[in-house]
Amino acid sequence: MKTISHFIDGKIYSDSKSRKGPIFNPAIGEQIAEVELGTKATVEKAIESSSKAFITWSKTTPINRARILSKYKDLLIKNMEELAVMVSEQHGKTIADAKGSIQRGIEVVEYATGITDSLKGDHSTSVGTNVDSHTLRQPLGVCAGITPFNFPAMVPMWMYPVSIACGNTFVLKPSEKDPSCPMRLAEIAIEAGLPAGVLNVVNGDKEAVDTLLENKTVQAISFVGSTPIAEYVYHTGTKNNKRVQALGGAKNHMVIMPDADVNKTTDAIIGSAFGSAGERCMAISVAVCVGKQTKEKIKTKLLEETAKLNVGPYTDEKSDFGPLNNKAHFEKVLGYIDTGEKEGAKLLSDGRNFKKQGYENGYFVGPTIFDDVKPEMKIYKEEIFGPVLSMMTTETYEEALKLVNDHELGNGAAVFTKSGNIA
Ligand code: NAD
């Protein structure tokens, strides 16, 4: 069985004695590889490598750093197909979705190539008698990124391109569920001319994360993942005097006004609620219809369109969305659907018994729609992170807006209307 190790100091580094985690192809529900779960010693090796690389990299001129990133961008585009298959095989999303996410990541690399202008300092004269003041922007040192399973290429690329463009070096700890693409991203960076150690990848779980959070050399941490772990990373990292940004989970609402275009609205719900099997932090998981008539129109069209969706593996070009990423998450999503029924929400479309011929062991859940969802229900309060949409109805726009604003996990909101007359 293939073993995925770590990428340290410009090459693959293996610690064969470490604990291992399984990597699955979620479409077939079978283990296809294993990943080494980095020990404290392995993570420290990566940090030390990045610390050494910082000495030269921080002195490399911004324009030379940008040139390497520009070549990196070109190589990422060239390797798009291979990267997309890596994402789809281990995450489960369709190839089109995988490519879209890699493209978003490449755009960050492209942005980072223009960072030179933002690195300029400032000069103020006479801030006191005979006193002028200079400000300059300096890199921090070794930075680290800890990323989730749902975007194994894009979320890491939110982080390290900007960090290294600014002259920092970076240790990435991607999700242990789909680590192949992040490893390849680091390899391609070397091909683009990035010096060894500027970008290291350590695979692992809590032990690796805790080592990054506690190590004195690491200056700053970016985290993206679930809310409880985001809170843990934020508190532990800041307690250890690091700069920390930590993004957590989400429950995004779409507010549908009585004048909204039914076809366009339905199309948007389908894409945002069920695309990537709902495993997106910006997925719309709640549709709030203003007025009973609005709800009836949307519901009818939504059920009609949902019935046409193709759920299947990434290898089938016709698939609209694929399986959930892993068995534990699959069971959790099924559990939420059971709970919704018990709580009294009306199940309009039930994805629980969905089976794809030839992929009976895959972690597929069909598109699921609940109506009459109430704010006190668990399926409303918590992030489900699956292809499950909750429908709610309010009398007024103000009531709908209150729902959006009161939700603890509100990450973003969309309002569908033709008039645009909303305050
Ligand atoms: P997760 O929190 O389980 O894992 C994220 C990272 O934390 C992984 O690298 C994992 O190895 C590590 N980790 C897990 N448990 C840990 C522990 N006990 N101690 C230390 N580290 C630990 O998240 P996930 O399931 O991989 O990703 C899905 C979540 O990410 C969803 O909640 C989704 O909304 C969120 N997300 C948010 C955004 C955003 O921009 N806000 C973007 C993408 C995903």
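In what follows, the structure referred to is the one given above.
This text gives an overview of the structure that appears in the document.

The rules behind each value
Residues numbered from 1 in each chain as written. Predicted model: local features only at pLDDT ≥ 70, side-chain atom pairs only at ≥ 80, totals over all residues. Heavy atoms only, no water. Salt bridge = Lys/Arg side-chain N within 4 Å of Asp/Glu carboxyl O. Buried < 20%, exposed > 50% of the residue type's maximum accessible area, 1.4 Å probe, protein only. Near = heavy atom within 4 Å. Polar contact = N/O pair within 3.5 Å; in protein donor to acceptor, adjacent residues only side chain to side chain. Areas by Shrake-Rupley, 256 points an atom, 1.4 Å probe, with all protein chains shown as cover. 1 Å grid on protein atoms, 1.4 Å probe; cavity = no way out; pocket = protein on both sides within 12 Å on 5 of 7 lines; lining within 4 Å. Sits in = over half its atoms within 2 Å of the grid points. Nonpolar A, V, L, I, M, F, W, Y, C, P; charged D, E, K, R; others polar.

1. Overview of the pattern of salt bridges
Then, in step 1: Scanning all chains against the criterion turns up 27 salt bridges.
Then, in step 2: Close ionic contact of Lys378 with Glu382 constitutes a salt bridge, the shortest N to O distance being 3.8 Å.
Then, in step 3: Owing to a relative accessible area of 35%, Lys378 belongs among the partly exposed residues under this scheme.
Then, in step 4: Residue class for Glu382 comes out partly exposed when judged on its relative accessible area of 30%.
Then, in step 5: Bridged by salt links that share partners, the residues Lys295, Glu296, Lys299, Asp371 and Asp372 form one connected network.

2. A look at the site of the ligand
Then, in step 1: Near the ligand, the surroundings consist of 26 residues, among which Thr147, Lys173, Glu176, Ser226 and Glu383 are the closest.
Then, in step 2: Interatomic distance of 2.7 Å between a side-chain N/O atom of Glu176 and an oxygen atom of the ligand.
Then, in step 3: In the model, a nitrogen atom of the ligand is placed 2.8 Å from a nitrogen or oxygen of the Gly248 main chain.
Then, in step 4: When the ligand is considered free in solution it has 840 Å² of accessible area, and contact with the protein chains removes 86% of it.
Then, in step 5: In a pocket analysis with a 2 Å cut-off to the grid points, the ligand is assigned to the largest pocket.
Then, in step 6: Classifying every residue of the shell around the ligand gives 14 nonpolar, eight polar and four charged.

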